[in-house]
Amino acid sequence: MKLSNSHLAKVYEKVCKRNPHEPEFLQAVGEVLESLQTVVERHPEYVDTGIIERMVEPERFIQFRVSWVDDNGKVQVNRGFRVQFNSALGPYKGGLRFHPSVTASVIKFLGFEQTFKNSLTGLSMGGGKGGSDFNPKGKSDREIMRFCQSFITELCRHIGADTDVPAGDIGVGAREIGYMFGQYKRLNNEFTGVLTGKSMECGGSLVRKEATGYGLCYFTDEMLRAAGRSFNGARVIISGSGNVSIYACEKAVALGATVVAMSDSTGYILDSNGINLEVIKQIKEVERTDISEYTKLVPGAKFYEGSTGIWKVKCDIALPCATQNEVDGNAARALVANGCYAVAEGANMPSTPEAVEHFLESGVLFGPAKAANAGGVATSGLEMIQNSMRLTWTFEEVDAKLKEIMVNIYKKCANAAEEYGHPGNFVAGANIAGFLKVAEAMKWQGLTH
Ligand code: NDP
């Protein structure tokens, strides 16, 4: 961490003191502050109005007990969270993650990042995030329903269509959103757009399912185009095989790429002929089982245990779409050594600071998560708009708006990077462009939180 600006250094020191056991949160804050050095020099008013100190402290953090009964009649207790990080630009907005690795630190890092990401979309959305250390893996459908109902029974008093609008994330898909929506409706006696990622029958938006993966490819395509390159004919690897990865694969192939490797938490598959996405969808979306099953269905494909090995597969473009810190320094060095010239993050903070530094130093085109994966929340924003207007746009209409938003995000990042002295550094560009809009809104609203 290189913070030469004394104000930023002091802010960071205080954040470290206040949140000593929250490494993911400190990592995310550190990265943003590092990008803001020229910004505070040009805008001393942000220091005077305490904008940065306020931005690194969530407006509200809610932690609660979630008790539920499993299929054996035994009471289980999990921990639920919601961070309402920043409401300067609109209602808090951000997904819910159900995964055993969820802690206060993870939720705060995600909520902090979300604030800047939502700002980049240009839509009216503040930043929030939530979830639980509940592990949906291996649970029956009835257990999932009981957990979701218990979780939302507490959370419902803190959210609302104009207050805080959660969505899905790891472990929370259409099924979980459905159970939570149903219970919210029952408790509040209202049918509103309180959650996004809803089914089409209940006010969902077309393209929401595909949005993060498609948006990632629209952003990457624009970044490649500006550098005189393209997806067409490129060899691509994608980590994960969940919602983001599947639709990133679909769009990358539609743009002319060959995706040769995908992974899950057990290992990765290599299929030099190009991954058969229908088989992946069947394994991960329908059967919800391990990716190794792929080799039983596709002759010639190979499975390797351990998910980190995927970064040693030779490729032109890498799209990390699984989880945080999955690309470390070694992985980044292997990618660069094998000729990879573009990396765009579908997951949140999948690259460690060391990996990011190596990509930037090596001249790799690097699309950071808060810009490159903003398509999901952008389409959630479009779902909120459709809910407010009580109408439904067609797939083509939503897809066209998504594409326009992602192209604009690329331009905002490139322009801010250029303007503040970091040409070609989209990490700095995304942080600066995202920050400026939130900072101006906070300044304009006076001291609120
Ligand atoms: P899913 O739960 O649908 O999929 C996650 C995938 O990642 C699964 O295939 C899972 O494997 C795999 N995985 C988990 N841990 C590892 C690991 N250590 N190594 C390799 N693979 C792993 O989640 P999403 O696709 O929705 O989310 C993925 C990432 O994208 C997250 O960082 C999320 O925050 C981010 N994101 C998601 C958005 C969305 O709209 N869904 C929006 C913006 C960001 P397994 O099947 O074995 O569990």
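Residues numbered from 1 in each chain as written. Predicted model: local features only at pLDDT ≥ 70, side-chain atom pairs only at ≥ 80, totals over all residues. Heavy atoms only, no water.

### Things to note about the environment of Arg-235
Okay, step 1: Topologically, Arg-235 is positioned in strand β6 (residues 235–238).
Okay, step 2: As for Arg-235 and Phe-181, which are separated by 54 residues in sequence, their C-alpha atoms are 40 Å apart.
Okay, step 3: Contacts of Arg-235, omitting those with residues within four sequence positions, involve Thr-258, Val-260, Val-313, Lys-314, Cys-315, Asp-316 and Ile-317. (Helix = DSSP H or I, 4+ residues; strand = E, 2+ residues; numbered from the N terminus. Contact = heavy atoms within 4.5 Å.)

### Re the sheet that holds strand β12 (residues 365–367)
Okay, step 1: Across the sheet, seven strands lie side by side as β9-β8-β7-β6-β10-β11-β12; this open sheet has mixed pairing. Whereas interior strands pair on both sides, the edge strands pair on one side only; in this sheet they are β9 (302–305) and β12. On average, adjacent strands in this sheet sit at an angle of 15° to one another, irrespective of strand direction.
Okay, step 2: As paired strands, β6 and strand β10 (residues 317–319) are joined by three bridges and run parallel to one another. Paired with Ile-237 across the two strands is Ala-318, which belongs to β10. (Pairing = 2+ DSSP bridges. Axes fitted to C-alpha atoms, helices over the stretch in contact; angles between N-to-C directions.)

### Things to note about the pattern of salt bridges
Okay, step 1: All told, the structure shown has 23 salt bridges when counted by the stated rule.
Okay, step 2: In this structure, Glu-45 engages Lys-443 in a salt bridge whose closest nitrogen and oxygen atoms are separated by 3.8 Å. Placement of the pair is Glu-45 in helix α4 (residues 44–48) and Lys-443 in helix α18 (residues 426–445), with a sequence separation of 398 residues.
Okay, step 3: Judged by relative accessible area, Lys-443 falls into the partly exposed class, the value being 34%.
Okay, step 4: Beyond isolated ion pairs, a larger network of salt bridges with shared partners links Glu-31, Glu-113 and Lys-370. (Salt bridge = Lys/Arg side-chain N within 4 Å of Asp/Glu carboxyl O. Buried < 20%, exposed > 50% of the residue type's maximum accessible area, 1.4 Å probe, protein only.)

### Describing the site of the ligand
Okay, step 1: Neighbouring the ligand are 24 residues; Arg-97, Asp-169, Thr-212, Ser-265 and Asn-348 lie closest to it.
Okay, step 2: Within the backbone of Asn-243, a nitrogen or oxygen atom sits 2.9 Å from an oxygen atom of the ligand.
Okay, step 3: Contact with the protein chains covers 84% of the free accessible surface of the ligand, which is 900 Å².
Okay, step 4: Those elements that place two or more of their residues in the shell around the ligand are α9 (208–226) and α10 (243–254).
Okay, step 5: Partitioning the shell around the ligand into residue classes produces five nonpolar, 13 polar and six charged.
Okay, step 6: Taken domain by domain, the shell around the ligand gets at least three of its residues from each of domain 2 (60–191) and domain 3 (211–363). (Near = heavy atom within 4 Å. Polar contact = N/O pair within 3.5 Å; in protein donor to acceptor, adjacent residues only side chain to side chain. Areas by Shrake-Rupley, 256 points an atom, 1.4 Å probe, with all protein chains shown as cover. Nonpolar A, V, L, I, M, F, W, Y, C, P; charged D, E, K, R; others polar. Domains from an automatic or database assignment.)

### Details of the sheet that holds strand β4 (residues 126–132)
Okay, step 1: Reading across the sheet, the five strands line up as β1-β2-β4-β3-β5 and stay open at both edges, with mixed pairing between neighbours. The open sheet has two edge strands, β1 (60–69) and β5 (164–167), and neither has a second partner. On average, adjacent strands in this sheet sit at an angle of 20° to one another, irrespective of strand direction.
Okay, step 2: The sheet contact formed by strand β2 (residues 75–86) and β4 spans six bridges and is antiparallel. Along β4, the bridge assignment pairs Gly-80 with Ser-132.

### Considerations on the packing of aromatic side chains
Okay, step 1: Inspection of every chain in the model, using the stated rule, returns 20 aromatic pairs.
Okay, step 2: When the ring of Tyr-214 is compared with that of Tyr-218, the centres are 6.4 Å apart and the planes differ by 75°; the resulting orientation is edge-to-face. On the criterion of helical spacing, the pair formed by Tyr-214 and Tyr-218 is a turn pair, its members being four residues apart in helix α9. For the pair Tyr-214 and Tyr-218, a shared accessibility class is recorded, and that class is buried. (Phe/Tyr/Trp six-rings, centres within 6.5 Å; stacked < 30°, edge-to-face > 60°.)

### Examining the domain arrangement of the chain
Okay, step 1: Per the domain assignment, the segments making up the chain are domain 1 (1–57 + 425–449), domain 2 (60–191) and domain 3 (211–363).
Okay, step 2: Just the C-alpha atoms count here: the centres of domain 1 and domain 2 sit 26 Å apart.
Okay, step 3: Between domain 1 and domain 2, the contact holds 23 residues from the first and 20 residues from the second.
Okay, step 4: Together domain 1 and domain 2 conceal approximately 1,700 Å² of surface at their shared face, both sides included; 66% is due to carbon and sulfur atoms.
Okay, step 5: Summed over the three residues of domain 1 that lose the most area to domain 2, namely Phe-25, Lys-437 and Val-438, the buried surface amounts to 28% of that side.
Okay, step 6: Our count for the domain 1 to domain 2 interface comes out at one salt bridge.
Okay, step 7: Between Lys-108 and Glu-22 there is a salt bridge whose closest N-O contact spans 2.7 Å.
Okay, step 8: The interface formed by domain 1 and domain 2 holds six residue pairs in polar contact (both at pLDDT 80 or more) in total.
Okay, step 9: Those elements giving two or more residues to the side of domain 1 that touches domain 2 turn out to be α2 (23–35) and α18.
Okay, step 10: Examining the composition of the side of domain 1 that touches domain 2, we find that 10 residues originate from one element, α18, more than from any other. (Buried area = accessible area lost by both parts, 1.4 Å probe.)

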